[in-house]
Amino acid sequence: MIPRLGSLYSGVGGADLGLERAGFEVCWQAEADPFRRAVLARHFPGAYQFSDVAAIDALAAPVDLLYAEFPTPHARWLPEILRVVELFAPPAILVEGRRDWAFRASEALGALGYRGGLARVDYEANKAGIHYRRERGYAVALRADEEEPPTLAPWPSVRTDAAAGRFEDTGMVAVPEFFELLVGLPQRWTCLCGEETCYEAAARALAASEATTPAVTEWLGRAMLKALERQPLAVAG
């Protein structure tokens, strides 16, 4: 059976794409923004998209890995994440955010009986003459009934350059395709097809710029899969 993934604050699914590449099946996602939710529905048609994390209840399918992101620090997001954790008690959890918020999440998961630690990841890219760097923290946790938390090899600072994907420099880089290229999303990932208004193009650019780099969660996901091999997978009721 393929291990199942539940995703909170999913954005346009950059993290979910990486975890899918690692070997997880995306079971459900939660995203409040209608545009980003439409992007998720396009790329993950087999997953259920919740309109809000608060809408997730015990009727949702159990998952093997729960992923959550803090887009920006907000006091109510951690309690919502912990509520879902207590609801399903998933075997593995991955929480992404600023390092201080990832640390706070790791402490809170420890209080719920999870073991694990923190991973710091730096992602760098050079596109169209622009240098981009993002530093993120990840709380990586397994239920305490597991023998040991996943082992993470040192993250080799990821660098990409123009050879990895070409972008025509027109002097205006605030376009969706540029941000998709910058964070490592497939080109036109945020495009819903058809004619675009200026508002939709701006929404695409913002959503892509805030997306998680799939290569990072693919690397983390492979480590989580090795840990999950030692225990039974979740089974939908």
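Given the structure is predicted, the values throughout are model-derived calculations rather than measurements. (Residues numbered from 1 in each chain as written. Predicted model: local features only at pLDDT ≥ 70, side-chain atom pairs only at ≥ 80, totals over all residues. Heavy atoms only, no water.)

Thoughts on the side chain of arginine 36
Secondary-structure assignment places arginine 36 in helix H2 (residues 34-43). Those residues in contact with arginine 36 that lie beyond four places of it in its chain are Gly11, Val12, Glu31, Leu206, Ala207 and Glu210. (Helix = DSSP H or I, 4+ residues; strand = E, 2+ residues; numbered from the N terminus. Contact = heavy atoms within 4.5 Å.)

Observations regarding the nonpolar core
Within the largest apolar cluster, 38 residues are counted, with the highest numbers of intra-cluster contacts made by Phe24, Leu65, Leu94 and Tyr138. With six residues, helix H7 (residues 214-228) is the largest single contributor of residues to this core. When neighbours within four sequence positions are excluded, phenylalanine 24 is seen to be in contact with Ile2, Pro3, Arg4, Leu5, Leu19, Leu65, Gly221, Met224, Leu225 and Leu228. Counting 30 residues, the second largest nonpolar core, distinct from the first, contains Cys27, Ile56, Phe88 and Leu109. (Core = buried A, V, L, I, M, F, W, Y, C linked by side-chain atoms within 4.5 Å. Buried < 20%, exposed > 50% of the residue type's maximum accessible area, 1.4 Å probe, protein only.)

Re the packing of helix H3 (residues 77-88) against helix H4 (residues 99-111)
Close contact between H3 and H4 brings their axes to 11 Å; oriented N to C, the two are set at 35°. The handedness of the crossing between H3 and H4 is right-handed. Of the residues in H4, those in contact with Leu78, Leu82 and Val85 of H3 are Arg104, Ala105, Ala108 and Leu109. Taken together, the residues of the contact of H3 with H4 sort by class into six nonpolar, no polar and one charged. (Axes fitted to C-alpha atoms, helices over the stretch in contact; angles between N-to-C directions. Left-handed = near helix turned anticlockwise from the far one by under 90°. Nonpolar A, V, L, I, M, F, W, Y, C, P; charged D, E, K, R; others polar.)

Some words on the pattern of salt bridges
When the charged atoms of two side chains lie near each other, side chains of opposite charge can form a pair. A complete count under the given rule lists nine salt bridges for this structure. For glutamate 210, the salt bridge is made with arginine 36, and the minimal N-O distance between the two is 2.9 Å. One end of the pair, glutamate 210, is in the loop between helix H6 (198-209) and H7; the other, arginine 36, is in helix H2, with 174 residues separating them in the sequence. Classification of arginine 36 as buried rests on a relative accessible area of 14%. Residues arginine 136 and glutamate 69 are paired through a salt bridge, measuring 3.3 Å at the closest nitrogen-oxygen approach. (Salt bridge = Lys/Arg side-chain N within 4 Å of Asp/Glu carboxyl O.)

Considerations on H2
Each turn of an α-helix holds 3.6 residues, which means side chains three or four residues apart point in the same direction. Burial in H2 covers these residues: Phe35, Arg36, Val39 and Leu40. All buried residues of H2 lie within an arc of 145° about the axis, which places them on one face of the element. (Arc of directions from axis to C-beta.)

Focus: the confidence of the model for the protein
Of all residues in the protein, 76% have pLDDT values of 70 or greater, and the mean over the chain is 80. Low confidence marks residues 152-173, where pLDDT is under 50. Its contacts with residues over four positions away, or in another chain, come to 40 contacts. (pLDDT = per-residue confidence, 0-100.)

Observations regarding the packing of aromatic side chains
A ring pair, where both rings are aromatic, is described by two values, the distance of the centres and the angle of the planes. Taken as a whole and judged by the stated rule, the model has seven aromatic pairs. Each ring, one from tryptophan 28 and one from phenylalanine 50, has its centre 6.0 Å from the other, and the planes form 85°; the classification is edge-to-face. Here tryptophan 28 is found in strand E2 (residues 25-30), whereas its partner phenylalanine 50 is found in strand E3 (residues 48-50), with 22 residues between them in sequence. Assigned by exposure class, tryptophan 28 and phenylalanine 50 land together as buried. Centroid distance tyrosine 48 to phenylalanine 50: 4.8 Å. Interplanar angle 70°. Geometry classified as edge-to-face. (Phe/Tyr/Trp six-rings, centres within 6.5 Å; stacked < 30°, edge-to-face > 60°.)

Some points on unusual backbone geometry
Positive phi values are uncommon outside glycine, yet tyrosine 9 reaches one of about 55°. Residue alanine 89 is not a glycine yet carries a positive backbone phi of 45°. Here alanine 89 shows up in the loop between H3 and strand E5 (92-97). Residue class for alanine 89 comes out partly exposed when judged on its relative accessible area of 33%.

Remarks on empty space enclosed by the protein
Applying the stated criterion across every chain yields a total of one cavity of 30 Å³ or more. If you add up the space inside the largest cavity, you get close to 60 Å³. Forming the walls of the largest cavity are Glu96, Val121, Asp122, Tyr123, Arg134, Arg136, Tyr138, Thr212, Thr213 and Val216. Mapped onto the lining of the largest cavity, the elements with two or more residues apiece are strand E6 (114-127) and strand E7 (130-143). Partitioning the lining of the largest cavity into residue classes produces four nonpolar, two polar and four charged. (1 Å grid on protein atoms, 1.4 Å probe; cavity = no way out; pocket = protein on both sides within 12 Å on 5 of 7 lines; lining within 4 Å. Points joined across faces, edges and corners; volume = space filled by probe spheres on them.)

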